[in-house]
Amino acid sequence: MRKPVLIGNWKMNGSLQANQALMVRLLPRLRLYRKSVDLAVCPPLPYLFQVRDLLGYTGIALGAQNASAFVSGAYTGEVSATMLQEMGCRYVLVGHSERRTLYGESNQEVAARFRAVMNLGLTPVLCVGESLDERETEQTSSVVESQIQAVIDEVGFSALANGVVAYEPVWAIGTGRTATPEQVSVVHQNIRGFIAANAPEASQDISEGLRIIYGGSVKPSNALDLFSLADVDGGLIGGASLHAEDFGSIAGSLAKASGILEGECETH
Ligand code: PEP
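Residues numbered from 1 in each chain as written. Predicted model: local features only at pLDDT ≥ 70, side-chain atom pairs only at ≥ 80, totals over all residues. Heavy atoms only, no water.

Identification of the chain as Triosephosphate isomerase from Marinobacter antarcticus is taken from an unreviewed UniProt entry. Looking at the chain in UniProt, the text filed under Sequence similarities (unreviewed entry) is "Belongs to the triosephosphate isomerase family." Comment text from UniProt for the chain, heading Catalytic activity (unreviewed entry), reads "D-glyceraldehyde 3-phosphate = dihydroxyacetone phosphate". (UniProt positions renumbered as here; feature names shortened; annotations may be inferred.)

Shown next, in the form of structure tokens:
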């Protein structure tokens, strides 16, 4: 059984004061679900230390929004997976659409970043998804498959299992426009099917074990419908992760959709 995972991507938001205020309100809410759902927050790099201390021993993980493909050296502005590991990160996003579109990260570059994160034993969260134009010209499957194939080419099939795949249609990120449950269901099934169809004999179980999460304007009002879909194993949340009530409520929807509520975990 795949344990659901919920990750908050703070993007380039926050301040020492705002982070403290957010975490004080968020932690009691997230604690309710930490046994049934893997939970993580990804603050901007300068705040990793602060947020790591605030998370303490809550069991809620720290994540980062990107990592270099290189271990060290003359790469001004980059941060290595080793450094993130030292800071206590467990998850690292790779290939977020903002990195792909605004900073030109190619499929191959994203795959190299995935490898660097994976090599350190951290969990890479591979973000994939199509633009509106690509959806309208019926290229969704081929775009998403080529984004995943680049990682398979880089690390091999079985290594894919070290990561999480986040399906995030570009047109739904930060736009308030959410993909419908039908659209999400089709793409998640296609991703699992693509991996199952192409995996070598020895890696057949990878598609069943791989966590595929959805991101794109998830909010309290649509979370339960999306998380109740059979092939959706959690969410990557941007804007709503900056609001304690909303992120807490979304975590509650994921726990509810997965059918394991904390009270049940503790009493049985
Ligand atoms: C994201 O940044 O990964 C994201 C899904 O953003 P939002 O929830 O704001 O659409």
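Caption draft 1: Representation of the sheet that holds strand 1 (residues 5-9) in the model. Strand order in the closed barrel formed by 8 strands is 1-2-3-4-5-6-7-8, and the pairing between neighbours is parallel. In this sheet, neighbouring strand axes are inclined to one another by 25 degrees on average, regardless of whether the strands run parallel or antiparallel. Bridging between strand 6 (residues 164-167) and strand 7 (residues 211-215) involves 4 bridges; their strand directions are parallel. Looking across to strand 7, one finds that alanine 166 is bridged to isoleucine 213. Strands in contact with helix 2 (residues 48-55) are strand 2 (38-42), strand 3 (61-64) and strand 4 (89-94); relative to strand 3, the strand with the most contacts, it is inclined by about 165 degrees. (Pairing = 2+ DSSP bridges. Helix = DSSP H or I, 4+ residues; strand = E, 2+ residues; numbered from the N terminus. Axes fitted to C-alpha atoms, helices over the stretch in contact; angles between N-to-C directions. Contact = heavy atoms within 4.5 Å.)

Caption draft 2: Fine view of the UniProt feature "active site" (unreviewed entry) in the chain. UniProt's feature table lists "active site" (unreviewed entry) at His96 and Glu168, given in the numbering used throughout. Considering the C-alpha atoms alone, the annotated residues occupy 73 residues of sequence yet fold into one spot, their largest mutual distance being 8.4 Å. From the list above, the largest pocket is lined by His96. Relative to the helices and strands, histidine 96 resides in the loop between strand 4 and helix 4 (97-103). Assessed through its relative accessible area of 4%, histidine 96 is described here as buried. With near-sequence residues (within four places) excluded, histidine 96 lies in contact with Asn9, Lys11, Cys127, Glu168 and Ile173. (1 Å grid on protein atoms, 1.4 Å probe; cavity = no way out; pocket = protein on both sides within 12 Å on 5 of 7 lines; lining within 4 Å. Buried < 20%, exposed > 50% of the residue type's maximum accessible area, 1.4 Å probe, protein only.)

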